[in-house]
Amino acid sequence: MSTDTDAPAASGTAVTEQPADGHERLRRWRLVLGGDAADGTGCALSGRDAAMDGALTALYGKGDKPQSGRERSAGLGASAPSVARWLGDIRTYFPSSVVQVMQRDAIDRLGLSTLLLEPEMLQAVEADVHLVGTLLSLNKAMPETTKETARAVVRKVVEDLEKRLATRTRATLTGALDRSARVSRPRHHDIDWNRTIAANLKNYLPEYRTVVPERLIGYGRASQSVKKEVILCIDQSGSMAASVVYASVFGAVLASMRSISTRLVVFDTAVVDLTDQLDDPVDVLFGTQLGGGTDINRALAYCQSQISRPAETVVVLISDLYEGGIRNEMLKRVSAMKASGVQFVTLLALSDEGAPAYDREHAAALAALGAPAFACTPDLFPEVMAAAIEKRPLPVPDTA
């Protein structure tokens, strides 16, 4: 008996952890449920927790029901100062990834887009890809006093993306370019031994247990000449905002590689060639106009007219494929480009947002032409481009 009663006392941690865990669960449920009388938690909040709850209630609370006690009513108000205070609160109480989600929800749920036209608001927000997309959609309505602040916000996001994506992209594509340029008289350290052995198996000498390589196959050395031409054809309809941001960054990275000639084309019902602005992706982004209709056929017609070396060209169409133009003509253009030797890649999205809504009939028609359409994350994009450059099967993600 004494052992049984002493054991819990000796393991004090076990005795105190269960109530603490239970309280922590109640606390989290209370923050999630919002403190309505029917939430069933019976948990009161104070201090930092009460402040966090107030920030959540302002965004996700129910404004049509009266709140009691210390609870705030829903809504951030219509003034920039109240929103700026709220933005400061959420940055204090929540990690950056959560702040970005809450900002996005505030813009969608409470219609705060117009407040982003004020410089004070832009200085208070946590900048991310989605915020850049919102700013680009507001570009035409943005007053001059806000544009410089907006450009600074966009530049910060673009520079962060370049730091994350540029090095790996250049390394991956440089390797693909070298492998695609095989040479028949490689230096010793440039010999592709796997391909050399496979090509000379007929020269195997059993008595010596060796292969005599009559023909050496090697990786091509990087040179200053242009080896491949890449055309990025980007749908700038409103749903493609994040894809436009990432594609502009990748376009600038590709343009910095001398062995790749890069062209960047954006379209809605009109087509705009932004190639001459590729040295600065911020200029590219502010040259886009998110929203409007879509004419993929017209955009592909322009891209097709820019192709001079089909066998050395990769065309990347980034679109959800909701076509407002002539569907059959669009498919004929894709078929003609592929028949001429162009490597054609269709990305339904270039973002971290997962599979988007897209026109499944058009996607199936492109797949039947040998141009499967799939969503691509920024991290996968270098591998997709490397496969296209080397003319091997694309690494299509498994969506099952």
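Here the structure is a predicted model, which means the values were calculated and not measured. What you see as residue numbers is a count from 1 along each chain, following the sequence as written. For this predicted model, a pLDDT threshold of at least 70 governs which residues receive local features, and a threshold of 80 or more governs which side-chain atom pairs are given and counted, while totals over whole chains, interfaces and linings are taken from all residues. The basis for every side-chain value is the complete set of non-hydrogen atoms in the structure, without hydrogens or water.

**Remarks on the pairing of strand S6 (residues 313–318)**
Here is step 1: The buried count for S6 comes to six of six residues, which makes it a mostly enclosed element.
Here is step 2: Think of it in three bands: with a 1.4 Å probe and only protein chains considered, a residue is buried below 20% of the maximum accessible area for its type, exposed above 50%, and partly exposed in between. Secondary structure counts use DSSP, requiring at least four H or I residues in a row for a helix and at least two E residues in a row for a strand, with both numbered from the N terminus. Where burial is concerned, the two faces of S6 agree: the one with Thr-313, Val-315 and Leu-317 and the one with Val-314, Val-316 and Ile-318 are both buried.
Here is step 3: Judged from the six bridges that link them, strand S3 (residues 228–235) and S6 form a sheet pairing that is parallel. Residue pairing in the sheet places Cys-233 in a bridge with Leu-317 of S6.
Here is step 4: The sheet contact formed by S6 and strand S7 (residues 343–350) spans five bridges and is parallel. In the sheet register, Val-316 faces S7, and the bridge partner there is Val-345. A pair of strands counts as paired when DSSP detects no fewer than two bridges linking them.

**Quick word on the environment of Ser-335**
Here is step 1: Residue placement: Ser-335 occurs in helix H13 (residues 327–339).
Here is step 2: Given the relative accessible area of 33%, Ser-335 is considered partly exposed.
Here is step 3: In this structure the C-alpha to C-alpha distance between Ser-335 and Leu-369, which are 34 residues apart in sequence, comes to 6.4 Å.

**A look at the sheet that holds strand S5 (residues 271–273)**
Hydrogen bonds along the backbone pair up the strands of a sheet, which may run parallel or antiparallel.
Here is step 1: The strand order across the open sheet built from six strands is S5-S4-S3-S6-S7-S8, with neighbouring strands paired in mixed fashion. Looking at the sheet topology across the chains shown, the edges are occupied by S5 and strand S8 (373–376). Adjacent strand axes in the sheet meet at a mean angle of 25° when their direction is disregarded. Only the stretch in contact is used when a helix axis is fitted, and all axes are lines through C-alpha atoms; the angle between N-to-C directions ranges over 0 to 180 degrees.

**Focus: the confidence of the model for the chain**
Here is step 1: When the pLDDT values of the chain are averaged, the result is 81; 82% of them are 70 or greater.
Here is step 2: Of all the helices and strands in the chain, helix H1 (residues 2–10) carries the lowest mean pLDDT, 41, while S6 carries the highest, 97.
Here is step 3: Of the regions scoring below 50 in pLDDT, residues 1–19 engages in two contacts with residues more than four places distant in sequence or in other chains.
Here is step 4: Each residue carries a pLDDT score, the predictor's own confidence in it, on a scale running from 0 to 100. A contact between two residues is defined here by any heavy atoms of the two lying within 4.5 Å. Low confidence marks residues 63–74, where pLDDT is under 50. Its contacts with residues over four positions away, or in another chain, come to 16 contacts.

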